[in-house]
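Chain and residue survey
One-letter residues, chain by chain:
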Amino acid sequence: MPDEPPPPRGTAHSLNPEQRFAVEHMRGPLLVLAGAGSGKTRVLTMRVAHLIKVHGVLPDRILAATFTNKAAGEMRERIRTLLGHDPFGAWIGTFHSIGARILRRHAEQFGRSSRFTILDADDNLREVKRVMKARDVDTKLCGPSTVRRVMSDAKNRLISPSGFRQAHRGRFDLVHRTVIDIYPAYQRSLQRQDAFDFDDLLMKPVELFERDPDTLGLYQRRFEFLLVDEYQDTNRAQFRFLELVAAAHRNLMVVGDDDQSIYGWRGADIRNILDFEKTYPETRVVRLEENYRSTPTILGAANAAIRLNRDRKEKTLRTRRPDGWPIDIREFRTEAGEAGWVAQRVAGLIGSRKVHHYRDIAVLYRTNAQSRVLEDALRDLSIPYHIAGGLRFYERREIKDVLAYLRLLSNPRDDSAFRRAVNYPRRGVGARTLEWLGRQAEEENLGLLEAAVRAGPAGRISASAARGLRRFTALVARYSERACEVGVGVLIRELVGELDLLALLRSDGPEGMDRANNVNELVSGATQFDARDRDGGDEREGLTADHLTELDLFLQQAALFSELDRHDPDADLVTLMTVHNAKGLEFPCVFMTGLEDGLFPLSRSLDDRDSLEEERRLFYVGITRAEHRLSLSWAGSRMRAGRRMVGRCSRFVRAIPARLTRGDSIPDPGRRHSGWGSGGRRRGSSGWPARRGGRAGDTRQRDRAAPVGEEEMNQDLAPLTKGERVLHRTFGSGTVLGVSGYGRDVRVMVDFDSVGQRKLVARIARLERDVS
DNA sequence: GTCCAAACGTGGTCT
DNA sequence: ACGTTTGGAC
């Protein structure tokens, strides 16, 4: 925006006293409590530059950990600019990539090779499923995703399989008994496959350091200065990692904001911030409370929202900027109406030059599923956009299919890759054959590929299956040799050509065209891939990496890269993304959508103070992404999970003081919202921007066209769940045994203390939660 | 045994 | 609206 003063940048004299203190801090632990938009990235990068330039610290003494590759890349780039050259040898990356890099060097200690595979979330779940099936665990009562979650929690708290067994020895509940059984089997299976999952990348290096002080010593001596961004989102494993590496020199700088802690569900532990000073009593604490990003109006809203949280360090962001536009609050009848308005508003802002570039605009939402309507609306008006995050590029089916072949070339023991590639394209190798192969592999302790190679003419499978296996293993053998001769780009191109994948994909519909394009993009990405770029820097002090091929490195970065990292900042596109993905970013103009109780905050958080507070922090993160313009919108009715849900204005929106807002409701031809109590805010008059009457008409038509089914559910009511205690007017209290049906037909089976089991229609029985 | 189509269940945020 | 599991045809 032309009418705003640029934030101070660049040299040390543009820093405020607190920032300067942090930048010039030399030795000892430093905790920087940095509010949103207070210039923490600047402080981090300038401190690194300062250490190198002023104190003569060698770059390879520095380790900086961030949460996304994008943040790491930006940090490196900015340091490069400040120094005038690359901080060659410094490790700047995500905790996960740093962990992977360490593990690569010490893989043999874990029975892995340095070419180990990194399983992504999808592979990880499949593997849990497979292990459970192989051990005949009933997945009806305790599903794979539950098991995975519990295992992941354990790993994030550095609890090994045997530790888990001991910790839950006396427990009888099914989930813990299942995990006691599955966790060690799952870990054995990963080892057999020469693989780690995401959580291992954090946990295993800690394990290594704790059992091998010599190795730890290598890293302690090398990394004299540690810097951590987004510290509020670190988990226990990450805390321990830092504690171990920093133990010798204690030059640990962490930057975080407890108000922006939004990854509790992933094991982030707020105690890491709160206990920092306990672990390091000599800590210097710096608070950055001046915001250089947003207008006072936007900050006022953010402060008003976050103030309602009880669990937080008291602070208030200040700014010296001039007042800005009021926050625009809009109510819509349906999600399509909301999306239509957002698209029109984007077109209007760009058309009137109030916002100069599409890339200055972000549209945020709570769940990925919400992106669809917004995409449709933007496409209708030919507004260029991209989705950051969402279905990540490397997680698309067609991409994973191609990568599966490469993974198998790089790591012949990668069974998940084998399963994926062997019958794609169809080779007549079905479930039965795979089952048989699995048993063979198990007996001889081989990978599936090896087992398939040895299967030869074997008797117990059909001739066509045997032929398919032979064709497949021959192909893999051929490309294994080829992989030594050519780069990844050529390799993929030849493979895709031989499998005739593009034609295969294109042959099934318009979806297939997209997929074919993605594969093409993968080919060109691989062609440009330059391994030297990735492992940033030289190696000393016996920390030399094993020899890895370009293919190995390509695969490792593919596993750790997300869609967010691929984003090209020069492209002029509106950004659509979840609020989680928006963390750390800023935009002149932000739309937050879907602000309904039950969606944002999600219904599952409504009856738990901790998770409601996390939702509120997420809301705070969303608001504080905006520099000048912020709009908050919600829809009274929304398709969700295949059903139309009724919603009302989010409590978060209602917490924003009216003096900061300008909002109107659109006229409502079809329905009354009278029952929504304090819900809607209806200030202002007629609502729709008069100038754009024609387009408004379009949207309302779309609005009306959306069918409103009978089976509406109130999305802000957390549904009753099994095991919950409830209260009935005549039967007294009881325990919920089960819930069936949807919407107005939800039936609940309750075991009442007084009268035993009854099946009730929830709508009529009016059950209440028993809080006593 | 493999493949396709229809029923089924399930649905939060991410490295 | 989606992917995964299940049933039936080849």
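Located above this text is the structure these notes cover.
Now for a look at the structure at hand. The residue count restarts for each chain, going from 1 along the sequence in the order it is written. To read the labels, note that chains go from A and ligands from 1, taken in the order they are written. Thresholds applied to this predicted model are a pLDDT of at least 70 for local features of residues and 80 or more for the giving and counting of side-chain atom pairs; totals over whole chains, interfaces and linings are not thresholded and use all residues. The basis for the side-chain values is all heavy atoms of the structure; hydrogens and waters are excluded.

1. Re the overall build of chain A
Counted only if it meets this: By definition, any uninterrupted DSSP run of H or I lasting at least four residues is a helix, any uninterrupted run of E lasting at least two residues is a strand, and each is numbered from the N terminus. The cut-offs for exposure are 20% and 50% of the maximum accessible area for each residue type, with area from a 1.4 Å probe on protein chains only; residues under the lower value are buried, those over the upper are exposed, and the others partly exposed. It only takes one pair of heavy atoms within 4.5 Å for two residues to be counted as in contact.
Each helix and strand counted, chain A has 32 helices and 22 strands in total. Buried positions account for 56% of the 772 residues belonging to chain A. Residue pairs at least 24 apart in sequence account for 76% of intrachain contacts in chain A once pairs closer than 6 positions are excluded.

2. Here's the deal with the protein's contact with DNA strand B
Stated formally: Nearness here has a simple test: a residue counts as near a molecule or strand if at least one of its heavy atoms is within 4 Å of that partner. Contacts described as polar in this section are N or O atom pairs within 3.5 Å, which, within protein, must combine one atom able to donate a hydrogen with one able to accept it, while residues neighboring in sequence count only if both atoms come from side chains. Side-chain classes follow a simple rule in which Ala, Val, Leu, Ile, Met, Phe, Trp, Tyr, Cys and Pro form the nonpolar group, Asp, Glu, Lys and Arg form the charged group, and the remainder, Gly included, forms the polar group.
In the region of DNA strand B, 29 residues are neighbours, and Arg366, Asn368, Gly430, Thr433 and Glu615 sit closest. Take the atoms of DNA strand B that sit within 4 Å of the protein: sugar and phosphate atoms are 52% of them. Arg426 places a polar side-chain atom, nitrogen or oxygen, 3.1 Å from a phosphate oxygen of DNA strand B. At the level of elements, α19 (431-444) and α28 (579-582) are the ones that each hand at least two residues to the surface near DNA strand B. Ranked by the residues each element gives to the surface near DNA strand B, the list is headed by α19, at 3 residues. A per-class count over the surface near DNA strand B returns 10 nonpolar, 12 polar and 7 charged.

3. Some points on the protein's contact with DNA strand C
If you check the shell around DNA strand C, you find Arg126, Lys129 and Arg372 and nothing else. In the environment of DNA strand C, a phosphate oxygen lies 3.2 Å from a nitrogen or oxygen atom belonging to the side chain of Arg372.

4. Regarding the pattern of salt bridges
When charged atoms on two side chains of opposite charge get close, those side chains can pair. Put simply, the rule is: We count a salt bridge whenever a side-chain nitrogen from Lys or Arg sits within 4 Å of a carboxyl oxygen from Asp or Glu.
Tallying each qualifying case throughout the model produces 60 salt bridges. In this structure, the salt-bridge partner of Lys583 is Asp233, at a minimum N-O distance of 2.4 Å. Placement of Lys583 in the loop between α28 and β13 (587-592) and of Asp233 in the loop between β6 (225-228) and α11 (236-246) is noted, with a sequence separation of 350 residues between them. On the basis of relative accessible area, Lys583 is assigned to the buried category, the value being 12%. A salt bridge links Arg638 to Glu596; the shortest N-O distance between them is 2.8 Å. Of the two residues, Arg638 is situated in strand β14 (residues 626-640) and Glu596 in the loop between β13 and α29 (609-623); the sequence distance between them amounts to 42 residues.

5. Concerning the layout of surface pockets
Spelled out, the test is: A pocket, in this scheme, is an open set of points on a 1 Å grid over the protein atoms alone with protein on both sides within 12 Å along at least 5 of 7 lines, while a cavity is a set where a 1.4 Å probe fits but cannot get out; residues line either one if an atom lies within 4 Å of a point. Grid points are joined across faces, edges and corners, and a volume is the space filled by probe spheres set on the points.
By volume, the second largest pocket amounts to about 1600 Å³. What lines the second largest pocket is a set of 45 residues, among which Arg126, Arg130, Arg419, Leu434 and Leu448 lie closest to the centre. At the level of elements, α5 (121-134), α8 (174-192), α17 (397-410), α18 (415-422), α19 and α23 (501-506) are the ones that each hand at least two residues to the lining of the second largest pocket. Top element by residues in the lining of the second largest pocket is α5. It accounts for 9 residues. Taken together, the residues of the lining of the second largest pocket break down into 17 nonpolar, 6 polar and 22 charged.

6. Here we look at empty space enclosed by the protein
Taken as a whole and judged by the stated rule, the model has 8 cavities of 30 Å³ or more. Here the largest cavity is characterised by a volume of approximately 90 Å³. Considering the residues around the largest cavity, the lining is formed by Trp325, Pro326, Asp328, Arg345, Leu349, Cys589, Phe591, Arg629, Leu630, Ser631 and Arg662. Counting only elements with at least two residues in the lining of the largest cavity, the list comes to α15 (335-351), β13 and β14. Among the elements that take part in the lining of the largest cavity, β14 stands out by supplying 3 residues, more than any other. Grouping the amino acids of the lining of the largest cavity by side-chain chemistry returns 6 nonpolar, 1 polar and 4 charged. Roughly 50 Å³ of volume is contained in the second largest cavity. Taken together, Phe95, Gly99, Leu201, Leu202, Pro205, Ala237, Gln238 and Phe241 form the lining of the second largest cavity.

7. Some details on the packing of aromatic side chains
Which entries qualify depends on this criterion: Note on aromatic contacts: the rings of Phe and Tyr and the six-membered ring of Trp form a pair at centre separations within 6.5 Å, being stacked when their planes are under 30 degrees apart, edge-to-face when over 60 apart, and tilted otherwise. Lysine and arginine charges are scored as sitting over a ring when NZ or CZ, respectively, is within 6 Å of the ring centre and within 35 degrees of the ring normal.
In the structure shown here, the tally under the stated rule is 22 aromatic pairs. Look at Tyr219 and Phe223: their rings are 6.4 Å apart centre to centre, the planes differ by 25 degrees, and that puts the pair in the stacked class. A ring pair is formed by Phe619 and Phe652, whose centres lie 5.2 Å apart and whose planes are at 35 degrees; its orientation type is tilted. On the criterion of sequence distance, the pair formed by Phe619 in helix α29 and Phe652 in helix α30 (residues 651-654) is long-range, its members being 33 residues apart. You can call Phe652 buried: its relative accessible area is 2%. A connected cluster of aromatic rings, assembled from ring pairs, spans Trp91, Phe209, Tyr219, Phe223 and Phe241. It is Arg266 that lies over the ring of Tyr263; its NZ or CZ is 4.4 Å from the centre. The positively charged end of Lys583 is found above the aromatic ring belonging to Phe67, 4.7 Å away from the centroid.

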